[in-house]
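Per-entry structural report
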Amino acid sequence: MSYQQKARSVSYKGLNFLSAAFSFAADQLLPKGEIWIVYSGYNLLIRPRDHIGTQLYVNGEYEPQISATLSEITPLGGTAVEIGAHIGHHTIQMRRKVGSGGDIYAVEPHPANADMIRQTISRNDFENIHCKEIAVSGEKGEIGLTEHKTQNSGASTIDDVAGHTTHTVETTTLSSLYSKCGLDHADTIKIDTEGAEYDILTNIDDLSDYADSAVIELHGKDHLTAAKMNELQSLLDDWGSEFTLYPSEPTASIDNQSNVTAIWKS
């Protein structure tokens, strides 16, 4: 077993232990199933016993720094694409910013999550949020969606990691996704794909062809090697006029084995 495989194994064992403790606490304190909350002035369907849903239910927010950045870089009346939209919490934040005159494309391969996004769209009568149930990668086809027993439906991935496959999902490229959406360009793109960001970005010529600004989660902790992290950072630096990295978690450091958030501008 390689060093990275061992690191991944330890990471997932620790995550599973924390998940068990989390699940026990959730079973005692939080509502079951799906419920509606008011988030960013809109109705949002969440699962309170899911990792992200718990934070939204208890704290009223999730990834506030990313939400603030998306609000800053997404213009009124603009177009935004969110790849890996999960249940749509960032999607409706961007909808609040673009208003009724813009367009948001929420791209989510997990059937249950995509259905929650569609219910949120319907509940709020959003005519300009478009849900696309598909995975974005480096090629078209089909692939297994891997889920981990971590009480976090946002951790589902098409990356080849330990876990159990629950669904076969359609995959497409970034270029083909834009064609499906009738898009030539977007003001903002957000990519949070649990490792698939490498295949997405290394199979395009220049991110500037697709968006003016981007927020991209780089998953070095559990999915990408140091070499792949370095390659992605070099590409983003070459493609843009501004490029900054921030730790995705308060305890993380900006190195090749941590999850970091890339803020990029063309």
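Structure: above.
One structure accompanies this document, and this report is about it. (Residues numbered from 1 in each chain as written. Predicted model: local features only at pLDDT ≥ 70, side-chain atom pairs only at ≥ 80, totals over all residues. Heavy atoms only, no water.)

1. Remarks on helix α3 (residues 64-73)
This is how it is decided: Accessible area is worked out with a 1.4 Å probe on protein chains only. A residue is then buried under 20% of its type maximum, exposed over 50%, and partly exposed in between. Note on conventions: DSSP H or I runs of at least 4 residues are helices, E runs of at least 2 residues are strands, and numbering of each starts at the N terminus. Summarising the geometry, the arc corresponds to the directions from the helix axis toward the C-beta atoms. In what follows, a contact means two residues having at least one pair of non-hydrogen atoms within 4.5 Å.
When α3 is considered as a whole, its buried residues turn out to be I66, S67, T69, L70 and I73. An end-on view of α3 places all buried positions within 165° of arc, on one side of the element. Residues of α3 that are exposed and point more than 90 degrees away from the buried face comprise Q65 and E72. On its buried side, α3 packs onto β1 (35-39), α4 (89-98), β9 (186-191), β10 (211-219) and β12 (259-265).

2. Overview of the side chain of T261
To be explicit about the condition: Throughout this description, a polar contact denotes any pair of N or O atoms lying within 3.5 Å of each other; where both atoms belong to protein, one of them has to be capable of donating a hydrogen while the other can accept it, and for residues adjacent in sequence the pair is counted only when both atoms sit in side chains.
Turning to its location among the elements, T261 is positioned in strand β12. For T261, a relative accessible area of 6% translates into the label buried. Of the polar contacts made by the side chain of T261, one reaches the side chain of E217; its length is 3.1 Å. Residue contacts for T261: discarding those within four places in its chain leaves I66, V215, I216, E217, T244, L245, Y246 and S248.

3. Looking at the nonpolar core
The criterion, for reference: Here the nonpolar core consists of buried residues drawn from Ala, Val, Leu, Ile, Met, Phe, Trp, Tyr and Cys, with membership extended through side-chain atoms lying within 4.5 Å.
Ranked by size, the top nonpolar core spans 33 residues in total, and within it V81, I83, I189 and L207 carry the most contacts. Residue assignment for this core shows that the elements contributing at least two residues are β3 (79-83), β4 (103-107), α6 (174-181), β9, α7 (197-202), β10, α8 (226-239) and β12. Counting residues in hydrophobic clusters, the runner-up holds 29 residues, among them V98, I104, A106 and I129.

4. Remarks on the sheet that holds β12
Note the threshold: A pair of strands counts as paired when DSSP detects no fewer than two bridges linking them. Orientation is described by lines fitted to C-alpha atoms, with helices fitted over the stretch in contact, and by angles between N-to-C directions that extend from 0 to 180 degrees.
A sheet is described by the order of its strands in space; here seven strands give the open sequence β5-β4-β3-β9-β10-β12-β11, paired in mixed fashion. Edge positions in the sheet fall to β5 (129-132) and β11 (242-247), since each of these pairs with one other strand and no more. Neighbour-to-neighbour, the strand axes of this sheet turn through a mean angle of 15°, independent of strand direction. Across seven bridges, β10 lies against β12 in antiparallel orientation. Bridged to L218 within β12 is V260. Running at roughly 165° to β10, α8 makes contact with β10, β11 and β12 of the sheet.

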